[in-house]
Amino acid sequence: MHEFLDQFDNLEKHTQWGIDVLEKYIKFVKERTEIELSYAKQLRNLSKKYQPKKNSKEEEEYRYTSTKAFLATLNEMNDYAGQHEVISENMTSLITGELTRYVQELKQERKSHFHDGRKAQQHIETCWKQLEASKRRFERDCKEADRAQQYFEKMDADINVTKADVEKARQQAQLRHQMAEDSKAEYSSTLQKFNSEQHDHYYTHIPNIFQKIQDMEERRIVRIGESMKTFADVDRQVIPIIGKCLDEITKAAESIDHKNDSQLVIEAFKSGFEPPGDIDFEDYTQPMKRTVSESSLSNSRGDGKSEPKFGGKSKGKLWPFIKKNKPPPPPPASASPSAVPNGPQSPKQQKEPLSHRFNEFMTSKPKIHCFRSLKRGLSLKLGAGPEDFSNLPPEQRRKKLQQKVDELNKDIQKEMDQRDALTKMKDVYIKNPQMGDAASVDHRLAELAQNIEKLRLEVQKFEGWLAEVEGRLPMRTEQARRQSGLYEAQNTSAVNSCAQDRESPDGSYTEEQSQETEMKVPATDFDDEFDDEEPLPTIGTCKALYTFEGQNEGTISVAEGEMLYVIEEDKGDGWTRIRRNEDEEGYVPTSYVEVYLDKNAKDVYKSLQKVSE
């Protein structure tokens, strides 16, 4: 009995261990699904991180086959991540969810089986106790009957005992014998009943319970095996789709065409310039002034000035010739004004910066066009290029103009769509006055009409420039050519002086006189553009701490305590650009003034600088 009970307890512990194993496997699969979700999320974030941003320079770069292949790879990685999400979802629904429900059912079934086992065990123990009690009672009654019989025999043999006492002892002995017989019959019945119960217990009830527990345990083992198979099948089901994603990545990689990408680069950056001719040998042994060859880079672009290719604009590429300098470094902040009475160095000691030649150009009428060109160059360095993109090479200019025309046409179409919608709304209001006032949309229709007309004029203007670039417009007349030639002859010296600080195509600077005479254009072409240009905005104010005598060009004199406007802050060279009024501006040493910058204006100025860079 006790041996059986020990086995019963061991069986209970084993089934509990089986449930623990199942729950451990469920936890394992759940953590796997979390890993799959995390991996899919990281893949999606990675793909999103490297996706080109809309309306940015990166989006333009994705026209090359190599970048298109990379974009296809990013898209396929997104789909690849989706398959890992499918793995997580399927494992959650087919394994984790199903096994969790099964574990709950298994616990209930196990509880029921062991409850039946304990109940059967308690019943057989009760039967055993009844049998023991019946046995002990039978034994006691037998002993009592023996003692009563012995007492009767003793009384019957004693001659001194009365007959009545002997009869009483005899009756007591008979009673005890009857009680013993009854106990014997009860014990016999109880014993038969116990034997029957015990047989049923060991051969019927307990085997049935054990069989149910065994079936339950085998189902658990089969179920965990099926779950492991499903675990593998879930992965196997997405392998074909993942394979397709990898095949698409391979296909995208094979679609890369290096020749096509090279051609796109050529189309994007070709300028339309002719290469320069050979440079003649210059003999420095002869006492003569150094001259520049007629076939040099500058002259090769200037030979065709009698037949301008783009109307009144520059014919060839105007290589960047502006080297923006400021006055020499100011005295240290610790030095007193008296220590540097004259301020900056003389122009003879240091090359004059471009910004300091404005006054000279303003006072010389023949040089006004050179001044305007220089100012255009400065505005380009600040990120504000000319409206007609004349600062770009011909092919780049054509592309920019075409792009601008397309954008304007899209804006016109949007305005026209709004106008058509409002016109339909007005017709509805006219037919059904209760829905609204038809006159309420007239103002908006008028605004749209004005906007459309302005946009169309802009389109015509840019289409004219585009036709000019593409050579569709007639060439200038002979009279215009003669006027242009006369103007060029009068201003050759002025232009040469403006272009001394020219920058060569390789980025180096030279002091040679520039031969870029093709920048001379009719005055009417620059006048409108120059009139539209506005002075630099103020970014703050300043107070003069000392008196400064601005004796060099580009500087401005200030008196101690004077309040002025700041239009350009110190860039690390010790000079600050200020303005007194619309006509007076220049540089002063930063240590001579106390600057109060306006934060908003400063942020706008820095933003413009970043755009220009």
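Everything discussed here concerns the structure shown above.
The rules we used
Residues numbered from 1 in each chain as written. Predicted model: local features only at pLDDT ≥ 70, side-chain atom pairs only at ≥ 80, totals over all residues. Heavy atoms only, no water. Patch = residues over 30% accessible without salt bridge, like charges linked within 9 Å, V, L, I, M, F, W, Y side chains within 5 Å. Areas by Shrake-Rupley, 256 points an atom, 1.4 Å probe, with all protein chains shown as cover. Salt bridge = Lys/Arg side-chain N within 4 Å of Asp/Glu carboxyl O. Helix = DSSP H or I, 4+ residues; strand = E, 2+ residues; numbered from the N terminus. Phe/Tyr/Trp six-rings, centres within 6.5 Å; stacked < 30°, edge-to-face > 60°. Buried < 20%, exposed > 50% of the residue type's maximum accessible area, 1.4 Å probe, protein only. Lys NZ or Arg CZ within 6 Å of the ring centre and 35° of its normal. Axes fitted to C-alpha atoms, helices over the stretch in contact; angles between N-to-C directions. Parallel < 35°, antiparallel > 145°, perpendicular 65-115°, else oblique. Contact = heavy atoms within 4.5 Å. Expected span 1.5 Å × (residues − 1).

I'd like a description of a nonpolar patch on the surface, backed by residues and values.
Together, L46, Y50 and F70 make up an exposed nonpolar region whose accessible area comes to about 280 Å². Examined against the element boundaries, Y50 turns out to sit in the loop between α1 (2-49) and α2 (57-61).

Before we move on, could you go through the packing of aromatic side chains and cite the residues and values that matter?
Under the defined criterion, the tally for this structure stands at nine aromatic pairs. Note on F28 and F231: the rings are 5.6 Å apart at their centroids and 35° apart in plane angle, and the pair reads as tilted. Of the two residues, F28 is situated in helix α1 and F231 in helix α4 (residues 163-254); the sequence distance between them amounts to 203 residues. With a relative accessible area of 42%, F28 lands in the partly exposed category. F231 gets classed as buried once you look at its relative accessible area, which sits at 16%. Sitting above the plane of the Y102 ring, R223 keeps its charged end 4.7 Å from the centroid.

Run through the packing of helix α3 (residues 65-157) against α4, naming residues and quoting values.
Where α3 contacts α4, the two axes come as close as 6 Å, and the packing angle between them is 170°. By the criterion of interaxial angle, the relationship of α3 to α4 is roughly antiparallel.

How would you sum up the environment of L71? Please name residues and give values.
As for its placement among the helices and strands, L71 is situated in helix α3. Considered as a pair, L71 and Q51 are 20 residues apart in the sequence and their alpha carbons are 7.0 Å apart. The contacts of L71, once residues within four sequence positions are left out, are Q51, P52 and Y62.

I'd like to hear about helix α9 (residues 394-431), residue by residue, with values.
Its 38 residues give α9 an end-to-end C-alpha distance of 55 Å, which sits within 8% of 56 Å, the value for a rise of 1.5 Å per residue. Residues of α9 that are buried: P394, E395, Q396, R397, L401, V405, L408, I412, E415, L422 and Y429. Check the buried side of α9 and you find it contacts α5 (258-269) and α10 (442-469).

Requested: an account of the pattern of salt bridges, with residues and values cited.
As enumerated under the stated definition, the model contains 26 salt bridges in all. The partner of K461 in a salt bridge is E458, with the nearest N and O atoms 3.2 Å apart. Placement of the pair is K461 and E458 together in helix α10, with a separation of three residues, close to one helical turn. Judged by relative accessible area, E458 falls into the partly exposed class, the value being 27%. Between R580 and E562 there is a salt bridge, with the nearest N and O atoms lying 2.7 Å from each other. On the criterion of sequence distance, the pair formed by R580 in the loop between β3 (575-579) and β4 (585-589) and E562 in the loop between β1 (540-544) and β2 (563-568) is long-range, its members being 18 residues apart. R580 sits in the partly exposed class, given a relative accessible area of 25%. A cluster of three or more residues bridged by salt bridges with shared partners is formed by E568, K571, R577, R579 and E585.

These figures capture arrangement, not role.
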